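Residue-level listing of the chains:
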Amino acid sequence: MKTRIAIFVSGGGTNLQALLDAEAAGRIPHGEIALVVSNNPNAYALERARLAGVPGAVISKKECGSQAAFECQIQSVLELGGIDMIILAGFMCILSENFTKKWPNRILNIHPSLIPAFCGEGFYGLKVHEAALERGVKITGATVHFVNEIPDGGPIIAQQAVAVETGDTPETLQRRVMEQAEWILLPQAAEMVSQKLYEERKGK
Ligand code: GAR
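Residues numbered from 1 in each chain as written. Predicted model: local features only at pLDDT ≥ 70, side-chain atom pairs only at ≥ 80, totals over all residues. Heavy atoms only, no water.

Chemist: How should the site of the ligand be read in this particular structure?
Modeler: Around the ligand, a shell composed of 14 residues is seen, among which Gly13, Thr14, Asn15, Gly125 and Glu182 lie nearest. Between the ligand and Asn15, the relevant distance is 3.0 Å, taken from an oxygen atom to a side-chain nitrogen or oxygen of the residue. Within the side chain of Glu182, a nitrogen or oxygen atom sits 2.7 Å from an oxygen atom of the ligand. The fraction of the free accessible surface of the ligand (450 Å²) that becomes covered by protein chains is 93%. According to the grid-proximity analysis, the pocket containing the ligand is the largest pocket. Going through the elements one at a time, α1 (14-24), β5 (107-111) and α7 (170-203) are the ones with two or more residues in the shell around the ligand. Of the residues in the shell around the ligand, the class split is 6 nonpolar, 7 polar and 1 charged. (Near = heavy atom within 4 Å. Polar contact = N/O pair within 3.5 Å; in protein donor to acceptor, adjacent residues only side chain to side chain. Areas by Shrake-Rupley, 256 points an atom, 1.4 Å probe, with all protein chains shown as cover. 1 Å grid on protein atoms, 1.4 Å probe; cavity = no way out; pocket = protein on both sides within 12 Å on 5 of 7 lines; lining within 4 Å. Sits in = over half its atoms within 2 Å of the grid points. Helix = DSSP H or I, 4+ residues; strand = E, 2+ residues; numbered from the N terminus. Nonpolar A, V, L, I, M, F, W, Y, C, P; charged D, E, K, R; others polar.)

What follows is the structure in structure tokens.
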């Protein structure tokens, strides 16, 4: 059986789309996108999931009332869905150690910089590119890493560098990093880890 993947999202979901497209094109042969979890009921990513026929679940942190209740609800949905692996694809919530320790080397995150630059708490979405432009770096990029209890601190799986160009705005830089790094790296890493988990299950 293929590795069952849950994708966690909060917004537009272009990385989710890259994963869905890769799966449809046969580029994630050992994995199956089985569930999309959003903390935001208005995320366009949910519409992308619906169009691809993938079930979506909305779990709002605000409505849960506490981090523990939020994570408890997420865990139940994952167990119900028989999920093997999680990909954070633009998921703008931090997960506690209590949650991440249940999924060792089974949660991937995509971050829009070359870690350890411009990462950690407070660095997300456009803010990362604003900080990179402010610092004046000439090269930035994206990183896929395993998730542990340290925000953006888990082992690095893959990185891709992207050039900053004269006149870049946070928006133009974000778009180039997505096109030249994120949308390529994330499906590749998804297949790599799916295959590893698939082999592990087969060996048991
Ligand atoms: C992406 O650039 C992703 O790398 C970033 O948010 C964007 C989400 O876009 N994630 C983080 O900053 C996590 N710290 P998307 O919803 O279109 O995939």
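On we go.
Chemist: So what exactly am I meant to see when it comes to the sheet that holds β5 here?
Modeler: The strands making up a sheet are joined through hydrogen bonds of the backbone, oriented either antiparallel or parallel. Here we have 7 strands laid out as an open sheet, ordered β3-β2-β1-β4-β5-β6-β7, and mixed in their pairing. Edge strands, defined here as strands with exactly one partner in the open sheet, are β3 (56-58) and β7 (156-163). For this sheet the average axis-to-axis angle between neighbouring strands, irrespective of direction, equals 20 degrees. Note: β5 against strand β6 (residues 139-146), 4 bridges, orientation antiparallel. Paired with Leu108 across the two strands is Phe146, which belongs to β6. (Pairing = 2+ DSSP bridges. Axes fitted to C-alpha atoms, helices over the stretch in contact; angles between N-to-C directions.)

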